[in-house]
Structure formats: C-alpha cells, structure tokens
Amino acid sequence: MKYGFGIDLGGTTVKIAYFDETGKMLDKWEIPTVTENGGSRILPDIAESIRQYIDACGIADTAILGLGIGVPGPVNAKGVVNKCVNLGWGVFNISETLQSLTGFPVKAGNDANVAALGEFWKGGGQGCDNMVFVTLGTGVGGGIVVEGRLLHGAHGSGAEIGHMVLNRDETIPCNCGKRGCVEQYCSATGIVRMAKEYLARSEFPSVLRQKEELTCKDIFDAGKAGDPAAAAILDQFYNYMGEFLGNVCNVVNPEVVVIGGGVSKAGSMLLDGIQPYFQKYVFHAASAARFALASLGNDAGAYGAFKLALDAFG
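So, here's what we can say about the structure. Along each chain, numbering runs from 1 in the same order as the chain's sequence is written. pLDDT decides what is reported in this predicted model: residues at 70 or higher carry local features, side-chain atom pairs at 80 or more are listed and counted, and totals for whole chains, interfaces and linings draw on all residues regardless. Working from all heavy atoms in the structure, the side-chain values ignore hydrogens and water.

### Notes on the pattern of salt bridges
Phase 1 of the analysis: Salt bridges are identified by distance alone: a Lys or Arg side-chain nitrogen within 4 Å of an Asp or Glu carboxyl oxygen. Applying the stated criterion to the full structure yields 9 salt bridges.
Phase 2 of the analysis: Put simply, Lys307 and Asp311 hold a salt bridge, and the shortest N to O gap is 2.7 Å. Taken as a pair, Lys307 and Asp311 lie in helix H10 (residues 300–313) at a separation of 4 residues, close to a single helical turn.
Phase 3 of the analysis: Connected through shared salt-bridge partners, Arg41, Asp45 and Glu48 make up one network. A run of H or I in DSSP counts as a helix once it spans at least four residues, and a run of E counts as a strand once it spans at least two, with each numbered from the N terminus.

And the structure:
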C-alpha cells in the first residue's frame, strides 16, 4: 500500500491530510499560513510539518507516492504559480520548490479546481464523468471536470466562472477590476450588497432592517420565515444564479452541478430556488443537469490535492 499527502493552502491556515492510495483519509491537521516576508516561510513550514509527521509515525519515505497541493491562484500544468496575491507570492514553480524541500514528487493546482476534483472523486460528483463545481462564499469559485479530467486551461485559470459578466450596466467594480461579474451578485457578500440596495430603495417592512450587521444567513432565514423583502432579494439572487449556471451548462453540458461554500448551507432552499430560473436560461439539450450540494466541506481541497498526486504518481 502506498500513501501520500493532500495539502489545501489557504490565506490563514494550511490544511494537511494523510491518505492511503484508495483515497481513505487517515489523518489531518492544520498549521498557520505565515504570509510575512512575501510568504517565504509557507513551503518550508509545510515541508517541516510533513517531515515531523512522517518521522513521528515511523513511515518509510519509500511508502510515500507524492504530495498534492491546492493554492489560491492560477497554476499551470507544470506547477508554475502565476501570483498568489493573498500569500505575497510572485511567479515561480511551486512543484519543483516543494519537491526540493520534501524529497517527494509534487503536483500543484488551483485551490478551487482542486476542491472540485475532491468533490468529483469522493463527494457530490461521484459516479459522473462531467461536473461543474461552484463555491459560493466570500467570492465565487469554480472547477470543471470534462470526461473525467479536470479543466486547468492554458494558463492555469480554467473555470474562473465567478468572473463571467452578468450585468453590463454595473457601475461598481468587482475585486478583479471588471464590472458586473457573477461574484458581485452570487457570492455571500454580493447577496448582502443586493439586500442593502433593495432595502434602501424600497419601503417594505422587514426584519432585515433591524440587523446591525446583515449577513447572508440572515437573508435566507428571513426568506424561509416568509419575510417579503427577503423573498424578493432571494428571487433576484436565484435569477442571477439560474442565468449564470445556465450559461455554464450550455458550454460544459455536465451531468451534475455541485454547489459548495458557505451559501450552500441554505440546502434544498437554495437548489429549489435556482431550478426554475436555470430551466428558463439553459439550452434544452443541457437542461437535464441535476443539482447537488457539496458533501466534503472543508476537506474537499485536501481530497482533491491528494487525487492530483495519485493521478500523477500513483
């Protein structure tokens, strides 16, 4: 039996998990992400943590098939990272660097793509060959699997579906610098922004007006309780989501759309709200795509990262 590690590198913490070659997670832990000095300590810290684990458990180096890592930025097929702003990184080959630090072969990918691979392998996309994965959190991320293979793109930015343009008339810029991106309407922060704009221009009484720090959860809870303003805000969100996913599915024609991220905690209410608008916008031949909730939670990135290594070195 061979073993390996899946690493999910975030801006605050690094999640590291130990797997056997069947994909069973045997252990997991976290270390802090030290972003000072241009993130120069991040990879040495990961290598040191893995070495300490291997030594403490008495694992032979020859039993390790390799490491996989998901990073918050574009990564091409050769493992070259093209700037990770949140980490202070520029352009360099992360696979070669981490391999030199650990002595093990390394395969790297974009974190959203890697999480998609995890859900495809062991989560909500199991049993399918074609899948779209969408994460609705502070931003909107995505990953696409076509005929069993993760879509990376020529420059490592494949499946940046959160920056498709939904509204050409938007005047407020997205974090990416463009205007009218999916992320501005379908992320948790986007939903709150739409809610504040709606409440400012309407006279509807609403429990949402009593919230000092309005959250996405507040809006869904109020909608579930029958608050008319919340229902109108969510309907606007569902419309955007239906158009967005309809357009994606017209291109990819997946069997399943898996939705994760903090907003997915709304559960069936979210999926039921999107469906009618999805059917309105999607091309008929792609309309059979089913919707599912992500099932791996915060472990999706680690599973997907290990799958990268398993596919490359297993």
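### Structural notes on the packing of helix H6 (residues 188–201) against helix H7 (residues 216–224)
Phase 1 of the analysis: In this analysis, axes come from line fits to C-alpha atoms, helices being fitted only over the stretch in contact, and the angle between any two N-to-C directions falls in the range 0 to 180 degrees. Orientation of H6 relative to H7, taken along the N-to-C sense of each, is 65°, at an axis distance of 8 Å. Here Ala188, Ile191, Val192 and Ala195 of H6 lie close against H7, whose contacting residues are Cys216, Ile219 and Phe220.
Phase 2 of the analysis: A per-class count over the contact of H6 with H7 returns 7 nonpolar, no polar and no charged. Only heavy atoms enter the contact rule, under which two residues are in contact if any of them lie within 4.5 Å. Ten residues, namely Ala, Val, Leu, Ile, Met, Phe, Trp, Tyr, Cys and Pro, are considered nonpolar, four, namely Asp, Glu, Lys and Arg, are considered charged, and the remaining ones, Gly among them, are considered polar.

### A word on unusual backbone geometry
Phase 1 of the analysis: Positioned with a positive phi, Glu147 is a non-glycine residue whose angle comes to about 50°.
Phase 2 of the analysis: The topology assignment puts Glu147 in the loop between strand E9 (140–146) and strand E10 (149–150).
Phase 3 of the analysis: Positive phi outside glycine occurs at Ala159, with the angle close to 70°.
Phase 4 of the analysis: If you trace the backbone, Ala159 turns up in the loop between E10 and helix H5 (183–186).

### Thoughts on the pairing of strand E8 (residues 131–136)
Phase 1 of the analysis: The cut-offs for exposure are 20% and 50% of the maximum accessible area for each residue type, with area from a 1.4 Å probe on protein chains only; residues under the lower value are buried, those over the upper are exposed, and the others partly exposed. Most of E8 is tucked away: 5 of the 6 residues are buried.
Phase 2 of the analysis: Strand pairing requires that DSSP identify at least two bridges connecting the strands. The sheet contact formed by E8 and strand E11 (residues 256–260) spans 5 bridges and is parallel. Opposite Phe133, over in E11, you have Val258 as the bridge partner.

### Quick look at the nonpolar core
Phase 1 of the analysis: Only buried Ala, Val, Leu, Ile, Met, Phe, Trp, Tyr and Cys residues count toward a nonpolar core, and they belong to the same one when joined by side-chain atoms within 4.5 Å. Counting residues in hydrophobic clusters, the biggest one holds 50 residues, and the most contacted among them are Cys186, Phe220, Phe237, Phe244 and Leu245.
Phase 2 of the analysis: Counting only elements with at least two residues in this core, the list comes to E8, E9, H5, H6, H7, helix H8 (228–252), E11 and helix H9 (268–281).
Phase 3 of the analysis: Tallying contributions element by element places H8 first for this core, with 13 residues.
Phase 4 of the analysis: Listed in part, the 31 residues of the second largest apolar core include Ile16, Ile46, Leu87 and Leu98.

Geometry only, nothing functional implied.
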